[in-house]
Amino acid sequence: MRIENEGDDVLVPPRHLVFAYYVTGHGFGHATRVVEVARHLILAGHDVHVVTAAPDFVFTTEIQSSRLHIRKVLLDCGAVQADALTVDRLASLEKYHKTAVVPRESILKAEVDWLNSIKADLVVSDVVPVACRAAADAGIRSVCVTNFSWDFIYAEYVMVAGHHHRSIVWQIAEDYSHCEFLIRLPGYCPMPAFRDVIDVPLVVRSLHKSRKKVREELGVGDDVKLLVLNFGGQPGGWKFKEEFLPAGWKCLVCGASEKDELPESFIKLAKDAYTPDIIAASDCMLGKIGYGTASEALAFKLPFVFVRRDYFNEEPFLRNLLEHYQCGVEMIRRDLLTGHWRPYIERAMSLKPCYEGSTNGGQVAARILQDTAVGKNYVSDKLSGARRLRDAIVLGFQLQRIAGRDLSIPEWYADAQNELGLRSGSPKLANGTVEHVDSLLIKEFEILHGDLHDLPDTKSFLDSLADLAGRDSEKRQLREHKAAAAFFNWEEEIFVARAPGRLDVMGGIADYSGSLVLQLPTREACHVAVQVNHPSKQKLWKHALARQQDKGQGFTPVLQIVSYGAELSNRGPTFDMDLADFLEDGKPISYEKAHKYFAQDPSQKWAAYVAGTILVLMTELGVKFENGISMLVSSAVPEGKGVSSSASVEVASMSAIAAAHGLCISSRDLALLCQKVENHIVGAPCGVMDQMTSACGEADKLLAMICQPAEVLGLVEIPGHIRFWGFDSGIRHSVGGADYGSVRIGAFMGRKIVKSTASKMLSGSLSNGDIMNSHDLEDSSSELLEVEANLDYLCNLWPHRYEASYTNLLPESMLGEKFLAKYGDHNDHVTVIDPKRNYSVKAAARHPIYENFRVKAFKALLTSAASDDQLTALGELMYQCHYSYSACGLGSDGTDRIVQLVQEMQHGKLSKGEDTSLFGAKITGGGSGGTVCVISRNSLRANQQILEIQQRYKAATGYLPFVFEGSSPGAGKFGYLKIRLATREKAQHI
């Protein structure tokens, strides 16, 4: 239902009403729009009790009435900000737990008592969850007014911060389900917990003063251009300079500290300055996107230069609203902090904001609230509520999905994504399958080198490049597509590389301890297109060109990157830097400095995986990059599912760069170089198996490799009667997560303790002076101890030696500072021991020792005679691996549930005397969520049982897991393509 206009005023009802209006503690934006709704309710003669933690002036500046009552209470905390542009996701959940979960019972009692004491007729929430539940307990109707809900926002936080917080999301969704209906504002997110929705226009505060009056009070003439800097009162500590602004401009700074000294062209505004008047009197705004800034920029047709905020999950929807009405220009955070503002302001001033919609949402909402309070029914008969959600945690994960790949996406999500207009990865058909492009589409390009290998995703990628070249301009609507179309010179050669993800069949985290691993490259892959041009011929984005001109150094090489699908996870879709930034005194900068360089802007931290390959080539191989580089990254390897999406990006990027610069690097060496990117520049302490599989793997074969550091034993044929599957649990995995790193540290601690113990035992036997007279067994023991005292890899310790000599010596856990005091360093160059943290040692060390043995047995069994005993034994080894992960603390409810479903299917069939087609399952990769690998018979019945487990998992969790199947060649086998867009005449005659 949508309501646009309700007359000029809120009609006065038969009786006086009392409204309890709850405002979230998330910034001032919610409070400012509440002001506009409350103002109309008060004008109609009603009392409004506002429950808020915001300062009084936010309300009293606009409303001077005895009917406004302000009650200072904080019932939620919103998103905790690490700085003006970044949310601390874990801190947000922990603070919400402390603010709203721990005292929940006392909150509910207090709110019910208070609502009854004021005799509230209606509870309104923007958008405090517990207010809806308190209203229900008090027997009062409730309505929410918002453009987003906290179940949607927190769901993605839970994926990163840990599933143990997910009860927060469920509770919030349940609280919202008590709300009668939602008054939904433009720029909204998916909000599945609400069963009925009414859409209203923008809620915009009215103006108090004219543009002329505001400028007169500021002492600014009409000939001066004004930029309003609006970061929600958090620009403290920033140092402004005159050269930040174009000539003839002044900057109005909102929320500046009284202690801040500003340059002459920067004007400090009073803390209680009325922002709508300031915005309407300005010519451009620079700030972060929130509902208040976005709605007022649209209403007053003010060009808005915005800086992306990290982990504000409502932002993409508001950003899309701004860009749809030609009102927004995105600024790179690095340029904000370095003062490179001019090209963005100039670009914004060329826009023609065109929003013509209504801005009376406050009045419309007030009329709906009044009608509801006197008994009007806006609710339909359909049932829904929180039960539509089933598992609200899915929301955050869906943000990371590849469009068209997950099945049965709820209608509310699909609708929201259609409105946002997002796609990622390779082009897909409506039914989710990869489009098989016929040979005619390949004729758009001359293939100067390389082979397509009959890969449909590669054909689709070439088709998408042809679209960018201008053959189909309608497909260039997204910013990432426009950016990519603008930086390629289509008459010049382009180099394309492809690298798949990997399914960890056996080995997993034991790779960093030197284990044998067995890895299968996935069907899904990342494509990277690279073009190299002389700096004088490189097509630069406007802000990059302006930055180069400002330096006055002539043409210098620039790296420009576009990442398809970035919007789905709220990353910046583009990245650029001067390649000279990688140099210091003519030499490559350190990896540590590079890590800090990319970490300074989390929304562009993804670029470390791509650009980092260039620095590694400079550092390790001495490559000099004297030309500009333009790169397009398009990955269909889903993020966060534990199938090495990061490795595929690194390997494809380095392969394409190497091809474009004529570098000949073996697949093995390339994988090791890419591992340096992830370990040292990205800062994720992974082993090498991911990059090795992506670089060296072959389709439908297991890559057998001993990770010491990367010795490929060969390719293992998968017997025709065996098939491997990957089941996505829906729990987001991150190799950079704290759990993975702490387990790795525990394993290296265990190795150091083993080495130290062996050294002491050896030196003790030597000191007895009788080693020369010992028997053969004693000689052997001494030799073993010498080997173990010099243990390079933990996996080289045999299980029987571990049990015989070390199992009782290793502590279950150990405090970091205690280990450092006794043993010194743990000798792992990619992790750092936290002295205050307690590390699990015994389980972390035991896992790789036994996993190495399990993988060797698994490899041997694959070549044995086909039988049920063979499949059962293979499955048992996978089960043992899975539970060993759990013992290390790397399990998760989702992956455990999938393994349990496989076991129930397997043993349930056997108990009934029926044949089973499923034999084992295990968590993969770094654990703590992600994907489960399943082994089955290669049969139609196995397909049916896999589908049955998929449906059972959905019934239990509300999430339908994506199933990985199939395989494709690694980057080395694929090689590279050298292509050039064919002229129309040539294309017609090919």
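Remember, predicted model here, so these are calculated numbers, not experimental data.

Here we look at the overall build of the protein chain
At step 1: Counting its regular elements, the protein chain contains 35 helices and 32 strands.
At step 2: For the protein chain, restricting intrachain contacts to residue pairs at least 6 apart in sequence, the fraction spanning at least 24 positions comes to 72%.
At step 3: Split by element, the accessible area of the protein chain, about 38,100 Å² in all, is 50% carbon and sulfur.

Describing the sheet that holds strand β26 (residues 722-728)
At step 1: Strand order in the open sheet formed by four strands is β29-β30-β26-β31, and the pairing between neighbours is antiparallel. The open sheet has two free edges, formed respectively by β29 (918-923) and β31 (963-964), since each of these has just one partner strand.
At step 2: Sheet strands in contact with helix α31 (residues 868-888) are β26, β29 and β30 (931-937), and its direction is about 20° off that of β29.

What about the pattern of salt bridges?
At step 1: Tallied over the entire structure, the rule returns 48 salt bridges.
At step 2: The partner of Arg-215 in a salt bridge is Asp-283, with the nearest N and O atoms 2.9 Å apart. You can see Arg-215 sitting in helix α8 (residues 211-218) and its partner Asp-283 sitting in the loop between α9 (275-281) and β13 (284-287), a full 68 residues away along the chain.
At step 3: Since its relative accessible area comes to 1%, Arg-215 is described here as buried.

As for the environment of Gly-972
At step 1: For Gly-972, the position within the fold is in helix α34 (residues 971-974).
At step 2: What makes Gly-972 partly exposed here is its relative accessible area of 40%.
At step 3: Between the C-alpha atom of Gly-972 and that of Cys-696, which follows or precedes it by 276 residues, the distance is 5.6 Å.
At step 4: Once residues within four sequence positions are removed from consideration, Gly-972 is found in contact with Ser-667 and Ala-695.

Digging into the side chain of Ser-92
At step 1: Relative to the helices and strands, Ser-92 resides in helix α3 (residues 89-101).
At step 2: Judged by its relative accessible area of 0%, Ser-92 falls in the buried class.

Focus on the packing of aromatic side chains
At step 1: Applying the stated criterion to the full structure yields 26 aromatic pairs.
At step 2: Judged by centre distance (5.3 Å) and plane angle (85°), the ring pair of Tyr-597 and Phe-598 falls under edge-to-face.
At step 3: Overall, the relative accessible area of 17% leaves Tyr-597 in the buried class.
At step 4: Centroid distance Phe-962 to Phe-964: 4.7 Å. Interplanar angle 90°. Geometry classified as edge-to-face.
At step 5: The exposure class of Phe-964 is buried, given its relative accessible area of 4%.
At step 6: Linked through ring pairs, Tyr-96, Phe-148, Trp-150, Tyr-154 and Tyr-157 together constitute an aromatic cluster.
At step 7: The side chain of Arg-184 reaches across the aromatic face of Tyr-188, ending 3.7 Å from its centre.
At step 8: Its guanidinium or amino end placed over the ring of Trp-725, Arg-723 lies 4.2 Å from that ring's centre, counting from NZ or CZ.

Quick look at the state of the cysteines
At step 1: According to the stated counting rule, one finds zero disulfides in the structure shown.
At step 2: Of the cysteine sulfurs around Cys-284, a residue in no disulfide, the closest is that of Cys-327, at 9.2 Å.
At step 3: Overall, Cys-284 belongs to the buried group, its relative accessible area being 0%.

Re the environment of Ser-125
At step 1: Counting through the fold element by element, Ser-125 comes out in strand β6 (residues 122-126).
At step 2: For the pair Ser-125 and Thr-24, spaced 101 residues apart in sequence, the C-alpha to C-alpha distance is 8.0 Å.
At step 3: Look past the residues within four positions of Ser-125 in its chain and what remains in contact with it is Tyr-22, Ala-131, Cys-132, Val-143, Cys-144 and Val-145.
At step 4: Here the side chain of Ser-125 touches Val-128 through a polar contact of 2.6 Å, landing on its backbone nitrogen.

Here we look at the pairing of β26
At step 1: Counted residue by residue, β26 has six buried out of seven residues, so it is predominantly covered.
At step 2: Of the pairings in the sheet, the one linking β26 to β30 comprises seven bridges and is antiparallel in character. The residue bridging Asp-728 from the neighbouring strand is Thr-931, located in β30.

Looking at the nonpolar core
At step 1: With 63 residues, the main nonpolar core has Phe-19, Phe-59, Ile-183, Leu-322 and Leu-369 as its most contacted residues.
At step 2: Of the residues forming this core, the biggest block, seven residues, is contributed by helix α1 (residues 29-43).
At step 3: Residue contacts for Leu-322: discarding those within four places in its chain leaves Ile-289, Ala-294, Ala-297, Leu-298, Phe-304, Phe-306, Cys-327 and Gly-328.
At step 4: Val-530, Ile-614, Val-649 and Val-682 belong to the second largest nonpolar core, which has 62 residues in total.

Brief notes about the packing of helix α30 (residues 842-862) against α31
At step 1: Taken N-terminus to C-terminus, the directions of α30 and α31 make an angle of 165°; their axes are 10 Å apart at the nearest point. The angle between α30 and α31 falls in the class roughly antiparallel. Both α30 and α31 take part in a crossing whose hand is left-handed. Here α30 contributes Ala-843, Ala-844, His-847, Glu-851, Arg-854, Ala-857, Phe-858, Leu-861 and Leu-862 to the contact with α31, which in turn contributes Gln-870, Ala-873, Leu-874, Leu-877, Met-878, Gln-880, Cys-881, Ser-884, Tyr-885, Ala-887 and Cys-888.
At step 2: Looking at the contact of α30 with α31 residue by residue, the classes come out as 14 nonpolar, four polar and two charged.

What to know about the environment of Asn-796
At step 1: For Asn-796, the position within the fold is in the loop between α27 (776-789) and α28 (799-806).
At step 2: In sequence terms Asn-796 and Ile-849 are 53 residues apart; their C-alpha atoms lie 7.5 Å from each other.
At step 3: Apart from the residues lying within four places of it in its own chain, the contact partners of Asn-796 are Gln-708 and Leu-791.
At step 4: Of note is the side chain of Asn-796, whose polar atom sits 2.8 Å from the side chain of Gln-708.

Quick word on the confidence of the model for the protein chain
At step 1: Residues of the protein chain with pLDDT of at least 70 account for 87%, and the chain-wide mean is 86.
At step 2: Across residues 381-441, confidence stays below pLDDT 50; counting only partners more than four residues off in sequence or on other chains, it has 147 contacts.
At step 3: Within the model, the stretch residues 765-780 combines pLDDT values under 50 with six contacts to residues more than four positions away or in other chains.

Remarks on the side chain of Lys-288
At step 1: Tracing the sequence through the fold places Lys-288 in the loop between β13 and α10 (291-299).
At step 2: The class for Lys-288 is buried, based on a relative accessible area of 7%.
At step 3: Polar contacts involving the side chain of Lys-288 include one to the main-chain carbonyl oxygen of Phe-231, which spans 3.4 Å.

What counts as what
- Residues numbered from 1 in each chain as written.
- Predicted model: local features only at pLDDT ≥ 70, side-chain atom pairs only at ≥ 80, totals over all residues.
- Heavy atoms only, no water.
- Helix = DSSP H or I, 4+ residues; strand = E, 2+ residues; numbered from the N terminus.
- Contact = heavy atoms within 4.5 Å.
- Areas by Shrake-Rupley, 256 points an atom, 1.4 Å probe, with all protein chains shown as cover.
- Pairing = 2+ DSSP bridges.
- Axes fitted to C-alpha atoms, helices over the stretch in contact; angles between N-to-C directions.
- Salt bridge = Lys/Arg side-chain N within 4 Å of Asp/Glu carboxyl O.
- Buried < 20%, exposed > 50% of the residue type's maximum accessible area, 1.4 Å probe, protein only.
- Phe/Tyr/Trp six-rings, centres within 6.5 Å; stacked < 30°, edge-to-face > 60°.
- Lys NZ or Arg CZ within 6 Å of the ring centre and 35° of its normal.
- Disulfide = S-S within 2.5 Å.
- Polar contact = N/O pair within 3.5 Å; in protein donor to acceptor, adjacent residues only side chain to side chain.
- Core = buried A, V, L, I, M, F, W, Y, C linked by side-chain atoms within 4.5 Å.
- Parallel < 35°, antiparallel > 145°, perpendicular 65-115°, else oblique.
- Left-handed = near helix turned anticlockwise from the far one by under 90°.
- Nonpolar A, V, L, I, M, F, W, Y, C, P; charged D, E, K, R; others polar.
- pLDDT = per-residue confidence, 0-100.

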